[in-house]
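The primary structure of each chain is shown beneath.
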Amino acid sequence: MKCQIVFGLVILMTGLQGCATVAVDPHAGFPQVAQLVNDRGAPELTWTPGVEESPPRLDAISSRLAEGLTEEEAVRIALLNNRELQALYARLGIAHADLVQASLLHNPVIGVTSGFPIAGGIVDLGFGLAMDLIDFLYTPLRKRVATARFEEAKLRVAADVLDAVWRTQTAFYTHQANEQALEMRRQVAAATAASFNLAQRLREAGNLRELDVATEQALAEEAKADLRFAEIATRDSRERLNLLMGLSGEHALLWTVTPARLLDPREAATNADLEARAMKQSLDLAAADQLIVAAAENVRLDRASALFPEVVVGGKGERDGREWEPGPTFILPLPLFDRGQARIARAQAELRQARELRTALAVRIAAIARSTRARLEGYRERALQYRDVVLPVRQRVLEQTQLQYNAMQIGPLDLLRAKEQQIEAGIRYIDALREYWLAQADHTLLLAGRLPPTEAAPAAPTLEQLPRLPFSTLQ
Amino acid sequence: MKLQHKSRTLNRRRFLAGAAALGSTGVLLRQVEATEGNLSHQHHQATARPVLSTAPQSLLDRIDPKPTQPPGEPGKDYTPVITPNNVSLAWKVVNGIKVYHLIAEEVEHQFAPGLHARCWGFNGRVHGPTIEAVEGDRVRVYVTNKLPGATSVHWHGLLLPNGMDGVAGLTQAVIKPGATFRYEFTLRQHGTFMYHSHHDEMTQMALGAMGLFVIHPRKPKAERPDRDFAFMLAEWRLDVGTSRPNPNEMTDFNIFTFNAKAFPATAPMAVRLGERVRIRLANVAAMSHHPIHLHGYQFRVTETDGGQIPLSAQQRETSVLVAIGQSRTIEFVADEPGDWAMHCHMTHHVMNQMGDKFPNMIGVKAAEVDAQVRRLLPDYMTMGHDGMAEHGIHLDTGHMKVPENSIPMRGGPGPFDYITMGGLLTVLKVREELDDDRAPGWYQHPKGTVASTATVAELQRDGIKV
Ligand SMILES: [Cu+2]
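All values reported here derive from a predicted model rather than from experimental measurement. (Residues numbered from 1 in each chain as written. Chains lettered and ligands numbered in written order. Predicted model: local features only at pLDDT ≥ 70, side-chain atom pairs only at ≥ 80, totals over all residues. Heavy atoms only, no water.)

A. Expanded view of the overall build of chain B. Along its length, chain B carries seven helices and 23 strands. Going through the 466 residues of chain B one by one, you find that 51% of them count as buried. Sequence-distant contacts in chain B: of pairs separated by 6 or more residues, those separated by 24 or more amount to 74%. In the form shown here, chain B has an accessible surface area of approximately 22100 Å², with 55% of it arising from carbon and sulfur atoms. (Helix = DSSP H or I, 4+ residues; strand = E, 2+ residues; numbered from the N terminus. Buried < 20%, exposed > 50% of the residue type's maximum accessible area, 1.4 Å probe, protein only. Contact = heavy atoms within 4.5 Å. Areas by Shrake-Rupley, 256 points an atom, 1.4 Å probe, with all protein chains shown as cover.)

The following block contains the structure:
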């Protein structure tokens, strides 16, 4: 009879368990992540779990690669083809599995004992069925913690996707600038080589001192050394972009970048309420909120289970001799020493920490938003100053130098030097333009709800100190 | 010489015709004779300055003698001077005194076509117009200062009372902007003199504030010239592309001028064959003496700013060095027709806006470098590797653009080829027939009198192997 009660209980709990169980889903969370990043301006994400090994459909993009890579195209390819990013999505599965795990009751325990009388006779038999009764009460609480963590994981994956977009953009701008600077370094080398050549001709004619020839040669050789440096930087930035776009083999050699976009002065690049919008959109803040929820649920869970972390009920049957002796069992820890105070204190401290970190993060976001806006405006002014003032003036200097040369007031070496200075100004313009676009990428990222993960402004580093929070290693 | 003889007859005929035009020849001659005695006495008194004189004389009269003759009249008392590219200053007679008015002011001046500058001059001209007078004249010169700064005018080489000498600070106060000063003195000498600013000279003279002061003899001992030309020599620094002379320049001058004009803008001297020609040269350059060389003639140096050179001391020359602050007068009879160059013999003084920063490119073989440089600078070409002569032609034909307002290394077109000179170059044009209203064109050489390519037959005839 009593045995029947125990079994009935088991069956009931199994039924309840069936209702509460979260099903395993390999895609879990991905549509929400895709939606999140799509809402924030990133292109559509694709992920086909299970076919990671098959080569991605690069044929479609390879024709576009040859035409000249734009920044948008690079981002699209990176999101499609970067395997580390694809691996990142698997993290959703891990978090989801944790959630599924949290929703499962501990299995009942069944035990069998037997005794063989030495003197002989009937074998003693005993069996017991026990399950953690209180687990049934704690499961919804555990599920709430795990749900908050799953939400947090989705936000973090979305943040990592935005980071990947940002990384691809900044790598693109850097490479674009490097390529143009390289071309200009080639021109500087050509100008100084021509100067050196001319100086040698003058020397051959008997008109120039060895000192002047050596001076020209020194300039020419240094320009060549600078050219090597520019070549290294360009190859480096190209490979970084290849890495981010997941390109290798022939695909890695296929593409060229389009020249830097010109600044449009009408482009009101900065957002007046950047601070407010960066806060509102912030994935980091949302993740921090989920952490607070999880921490708060942890506190509740630890409080609830402080005295009685487990209550085991069950039934047993023993055959002593020939007689079966069924009866219920009940195990309850006696809270004499550990009344759960340490666990509660820990959970409370973690909650306080999560709250403080959230506040700190908000302060950080506001500060970075302000400095990003200032940087963007400043670099924009600087790039415009180069484009609209410095370069035209340098051009005028060159034209006037040519006229003075035509008037035989200055020599051909002076003319070539003016050309060289004009190119150097061009290099500084490219540099200004690159800084502007990098600031622009930071600005875009902030608006999308993510702190730029630059060295100068590390993205919420203190959050990383929190345990149980895996961060992307895609760097 | 046949030509010489012809020139004399021409001379006499022209003189008589001129005199008739002026009025009664008899009256003119009488007047000249009547004043002759006084004039020569005055002349002696004035030029020989020794204080020890037997004639009783008040101190004031010695310092500033009263004129004893009526003001000298052009045509009658002197053949007016020609200042090529400039004019003589107008004057009027008030109570027997010649009254002039100089206005010092900023003037937009053209040195040659394609090169103008804001200079300082007088009466709208650079240099100022020539003051012309006659020995014994009493002159009164008002000087109005319309310059931005104070000024003064010094009468260079004139014998006059110390207080009229025009050295600001030393003999007078400065003439402040807007003020007008009066200078007045009697001319006791004749010759070629100058006037120029004597306040902040380095600035004001570098900008052109000066002019010629020609005093004709009342009764010339020598024959009067038929043509009397006067030139002021000067030098300037005008960087290519600028439009104001730079007074701070100490050594590198790049514009050299006859009467503030650089060739090809110098007006030629047109002379009829056989005429007696006088050329007055006065130098107020900042740093350069100019050896002026006349082609085709031997001339005599007849005057310095110290007065007439005795005939016995007048050497025959083909060049005369006119040092800074000096004047020299040369004379000759124009007995050989043609276009004769007169120029400074310092070769850099017959260049316009030469740049001394340009490297020596002579002999440079740069053909392949040209292609290399043109990839960076499409308009580039190596210049000067076979000399500078081509440059002016390139500019004149518009092949090559140079900064606005500049005439670098530019000369001018000639009848045979491009003339590769500029600066201190002008042309003496001697012609049998001359239309006085118009400068004659290029000289038409009689057949066989122009150097040209030797023919093969000529070379063979004379055994010349080339
Ligand atoms: Cu000279």
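B. Structural view of the interface of chain A and chain B. With 26 residues of chain A at the contact, the number on the chain B side is 35 residues. Here chain A and chain B share an interface that buries about 2500 Å² over both sides, 66% of which is from carbon and sulfur atoms. Our enumeration of links across chain A and chain B arrives at one salt bridge. A salt bridge links Arg201(A) to Glu368(B), with the shortest nitrogen-to-oxygen separation between them at 3.4 Å. Summed over the shared surface of chain A and chain B, the result is 11 residue pairs in polar contact (both at pLDDT 80 or more). Mapped by element, the contributors of at least two residues to the side of chain A that touches chain B are α6 (133–204), α11 (341–406) and α12 (412–448) of chain A. (Buried area = accessible area lost by both parts, 1.4 Å probe. Salt bridge = Lys/Arg side-chain N within 4 Å of Asp/Glu carboxyl O. Polar contact = N/O pair within 3.5 Å; in protein donor to acceptor, adjacent residues only side chain to side chain.)

C. How the structure looks around the coordination of the copper ion. Residue and element names in this part refer to chain B. For the copper ion, every protein donor is listed as His290 (ND1), Cys344 (SG) and His349 (ND1), and the spread of their distances is 2.0 Å. As a motif over one chain, the donors of the copper ion read H-x53-C-x4-H. Linking His290 in strand β14 (residues 290–294) with Cys344 in strand β20 (residues 338–344), this pair joins segments that are 54 residues apart in sequence. Each of the two residues, His290 as well as Cys344, counts as buried. (Donors = N, O, S within 2.8 Å, 3.2 Å for Na, K, Ca; no water.)

D. Representation of the side chain of Glu297(A). Residue and element names in this part refer to chain A. Its place among the elements puts Glu297 in helix α10 (residues 283–304). Of the residues examined, Glu297 reaches a relative accessible area of 10% and is grouped as buried. In contact with Glu297, not counting residues within four places along its chain, are Leu141, Arg144 and Val145.

E. Molecular detail of the layout of surface pockets. Residue and element names in this part refer to chain B. Of the volumes computed, that of the second largest pocket is approximately 620 Å³. What lines the second largest pocket is a set of 27 residues, among which Asp339, Trp340, Pro415, Val427 and Trp442 lie closest to the centre. Sorting the residues of the lining of the second largest pocket by element identifies β20, β21 (412–413) and β23 (425–431) as the ones contributing at least two each. Across the lining of the second largest pocket, the residue classes break down as 16 nonpolar, seven polar and four charged. (1 Å grid on protein atoms, 1.4 Å probe; cavity = no way out; pocket = protein on both sides within 12 Å on 5 of 7 lines; lining within 4 Å. Points joined across faces, edges and corners; volume = space filled by probe spheres on them. Nonpolar A, V, L, I, M, F, W, Y, C, P; charged D, E, K, R; others polar.)

F. Just the pattern of salt bridges, in detail. All names here are of chain A. In this structure the tally under the stated criterion is 53 salt bridges over all chains. Where Arg417 meets Glu216, a salt bridge forms, and the shortest distance between an N and an O atom there is 2.8 Å. Of this pair, Arg417 sits in helix α12 while Glu216 sits in helix α7 (residues 210–245), placing them 201 residues apart in sequence. Take Arg417: its relative accessible area is 23%, and that puts it in the partly exposed class.

G. Region of interest: the packing of helix α4 (residues 71–81) of chain A against helix α5 (residues 83–103) of chain A. Residues and elements named next belong to chain A. Running from N to C, α4 and α5 cross one another at 50 degrees; their axes reach a closest spacing of 6 Å. When the axis of α4 is compared with that of α5, the two are oblique. Contacts from Ala78, Leu79, Leu80 and Asn81 of α4 reach α5 at Arg83, Leu85, Gln86 and Tyr89. Split by residue class, the contact of α4 with α5 holds five nonpolar, two polar and one charged. (Axes fitted to C-alpha atoms, helices over the stretch in contact; angles between N-to-C directions. Parallel < 35°, antiparallel > 145°, perpendicular 65-115°, else oblique.)

H. A look at the confidence of the model for chain A. Residues and elements named next belong to chain A. The pLDDT averaged across chain A works out to 83; a share of 85% of its residues lies at or above 70. Mean pLDDT across the elements of chain A bottoms out in helix α1 (residues 2–20) (60) and peaks in α7 (95). Throughout residues 455–475 the model reports pLDDT below 50, and contacts reaching past four residues in sequence, or to other chains, amount to 42 contacts. (pLDDT = per-residue confidence, 0-100.)

I. Expanded view of the environment of Leu45(A). Residue and element names in this part refer to chain A. Tracing the chain through its elements places Leu45 in the loop between α2 (30–39) and α3 (59–67). Given the relative accessible area of 6%, Leu45 is considered buried. Sequence spacing of Leu45 and Arg142 is 97 residues, and the spatial spacing of their C-alpha atoms is 31 Å. Contact partners of Leu45, with chain neighbours within four places excluded, come to Phe30, Val33, Ala34, Val37, Leu79, Tyr89 and Val161.

J. Geometry of the nonpolar core. One finds Leu45(A), Leu69(A), Tyr89(A), Val161(A), Met245(A) and Trp255(A) to be the most contacted residues of the largest nonpolar core, which totals 56 residues. Counting residues per element, the ones that place at least two in this core are α2, α4, α5, α6, α7, α10, α11 and α12 of chain A. If you look at the next biggest cluster of nonpolar residues, it comprises 33 residues, including Met351(B), Met361(B), Val364(B) and Val369(B). (Core = buried A, V, L, I, M, F, W, Y, C linked by side-chain atoms within 4.5 Å.)

K. Here's a closer look at the sheet that holds strand β4 (residues 128–134) of chain B. Residues and elements named next belong to chain B. Strand order in the open sheet made by the four strands is β4-β9-β8-β6, with mixed pairing throughout. Of all the strands in the sheet, just β4 and β6 (153–156) have a single pairing partner and so form its edges. Ignoring strand direction, the axes of neighbouring strands in this sheet form an average angle of 20 degrees. Pairing of β4 with strand β9 (residues 210–216), which is carried by five bridges, proceeds in the parallel orientation. (Pairing = 2+ DSSP bridges.)

L. Seen up close, helix α6 (residues 389–396) of chain B. The set of residues buried in α6(B) consists of His391(B), Gly392(B) and Leu395(B). Mapping the buried residues of α6(B) onto a view down its axis gives an arc of 95 degrees, with all of them on the same face. Contact partners of the buried residues in α6(B): α11 of chain A together with β22 (418–419) of chain B. With its phi angle positive at about 75 degrees, Gly398(B) sits one or two positions after the end of α6(B). (Arc of directions from axis to C-beta.)

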